[in-house]
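Understanding the architecture of this molecule
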Amino acid sequence: MVFVRHALPGERVLAALTEAGETASHWRADAVEVLEASPDRVDPPCPWAGPGRCGGCDWQHAALPAQRLLKAAVVSEQLARLAGLDVSVVVEPVPGDDAGLGWRTRVDWAVDATGRAGLRRHRSHEVVAVDTCRIATPDLDAIGVTAARWPGVAHVQAVASGAGDRAVVVTPRAGRRPRLPRLDAEVSVLVAAGPRVERVRGRTRVGESAAGRSWQVSAAGFWQVHPGSADTLVAAVLDAAKPQSGETALDLYSGVGLLAAALADRVGASGSVVAVEDDRRAAADARRCLHDLPQVRLVESHVDRALASVPGLVDLVVLDPPRSGAARRVVEQIAERRPRAIVYVACDPAALARDVATFGGLGYGLDGLRAFDLFPMTHHVECVAVLRPARAVPPERSRSVSRAGVPRPG
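Keep in mind that what you see is a predicted model, and the values were worked out from it rather than measured.

Here we look at the overall build of the protein chain
When its secondary structure is counted, the protein chain shows 9 helices and 20 strands. Over its C-alpha trace the protein chain gives a radius of gyration of 23 Å, about what one expects of a compact globule, namely 22 Å for 410 residues. Each principal axis of the C-alpha distribution contributes one length, and for the protein chain these read about 65 × 50 × 40 Å. When contacts within the protein chain are restricted to residue pairs at least 6 apart in sequence, long-range pairs at least 24 apart make up 63% of them. Just so you have it, the protein chain exposes about 18,900 Å², and 51% of that area is on carbon and sulfur atoms. Placing the 50 positive and 47 negative side-chain charges of the protein chain at their respective mean positions leaves the two points 6 Å apart.

Looking at the sheet that holds strand β5 (residues 106–111)
Spatial ordering of the open sheet is given by β7-β6-β5-β8-β9-β10-β11, a layout of 7 strands whose pairing is mixed. Among the strands making up the open sheet, the edge pair consists of β7 (127–128) and β11 (196–201). Strand direction decides the pairing type here: strand β9 (residues 166–172) and strand β10 (residues 187–193), joined by 5 bridges, are parallel. Following the sheet pairing, A167 is matched in β10 by S188.

Thoughts on the pairing of β9
With 5 of 7 residues buried, β9 is to be regarded as a mostly interior element. The pairing of strand β8 (residues 153–160) with β9 spans 7 bridges and is antiparallel. Bridging across to β9, V153 finds its partner in P172. Between β8 and β9, which pair antiparallel and follow one another directly, the connecting turn spans 5 residues, one of which, G164, has a positive phi of 95°.

Focus on the sheet that holds strand β3 (residues 27–36)
As summarised here, the arrangement of the 3 strands in space is β1-β3-β2, forming an open sheet in which the pairing is mixed. Across the chains shown, the open sheet's two edge strands, defined by having one partner strand only, are β1 (2–5) and β2 (12–19). Each neighbouring strand pair of the sheet contributes to a mean axis angle of 40°, computed without reference to strand direction. Across 7 bridges, the pairing between β2 and β3 is antiparallel. What sits directly across from V13, in β3, is V34.

Remarks on the environment of D231
Mapped onto the secondary structure, D231 falls in helix α3 (residues 229–241). You can call D231 partly exposed: its relative accessible area is 43%. For the pair formed by D231 and A210, sequence separation is 21 residues and the distance between their alpha carbons is 5.7 Å. Apart from the residues within four sequence positions on either side, D231 is in contact with A210 and A211.

Conventions used here
- Residues numbered from 1 in each chain as written.
- Predicted model: local features only at pLDDT ≥ 70, side-chain atom pairs only at ≥ 80, totals over all residues.
- Heavy atoms only, no water.
- Helix = DSSP H or I, 4+ residues; strand = E, 2+ residues; numbered from the N terminus.
- Rg over C-alpha atoms; globule rule 2.2 N^0.38 Å.
- Contact = heavy atoms within 4.5 Å.
- Areas by Shrake-Rupley, 256 points an atom, 1.4 Å probe, with all protein chains shown as cover.
- Lys, Arg positive; Asp, Glu negative; His and termini not counted.
- Charge placed at Lys NZ, Arg CZ, Asp CG, Glu CD.
- Pairing = 2+ DSSP bridges.
- Buried < 20%, exposed > 50% of the residue type's maximum accessible area, 1.4 Å probe, protein only.
- Axes fitted to C-alpha atoms, helices over the stretch in contact; angles between N-to-C directions.

Here it is in structure tokens:
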């Protein structure tokens, strides 16, 4: 099997092998010449997209509607192959980009040995010194990372928040003292020193707005990079979970607490939300941002360890695991709590399908799925799936046991 990058279904291309071997399970190649083009092929809007160039955007040669159809086909294929499910998928656009461009609010620039910032080639450490990134927001591009020189620097993360804050987080090369260029005075400058972030100028946090709340999150931390992502995912999760006043919920892999806050608003003061996150920086941001919600209990721990210490049944579970998905043990621990609904936010269709299959063996079936184009011009797609038990847990039993089992805040 040969995976051919920069080609489209139905095309005839001349492909050059980039990775091959007698013992390899598959080979890789680049389409270096198109002999018969697909009607969905377009000229890439970025001159750095293509074989041997920037590895960030792998689908700029496809029209945007075709990109979404391809992503939908991937999600459907993975659910069929790994979970045995026949699911029709539609990938929905979200507001906040310009025909697939100008949406990315955070970019991690690599820096080569000469101090030039750029983006890496596909599956390579080689830095391509691009002029600008076409999928970055204008505010992020205005920081001017690629126009400056960064001696002694390995990476520069540039951030342009929804509240108008701009920052760069610089990671020095090992054993080197970085020399920082002059940037606009309104750009905060931070240096990552291992797990710590040292402030050179400005603020260590940036403002965001989502789910009807204002957020202050670490510039070096995680926030969804598409402007429409946060509100879109919150709305999709709430629509799937339908949390009610007085219910109990688990928010696993909770990050800075975006979904926990939305759940807390719906379950109210008589309900409770346990939010679990193992990243120290994200957990600190969550404590700061959710201090006004006494019904939220924050647990800084690995999810499997936290679940082992939180007994009892719950009404709802929301999980947003990393790309690798949730481990089988985590899926089992979730099912043991017999929630009436499990809402799974996934950035990898294969991991989602694998975990959906595991839930299926534990009595939870897929009851709905939405997919969102949060990463236009790339193959990435975000899904929100809801699973429900084959036999519903009686609400009276669920609530009485869960309230006794889940520690209350305070």
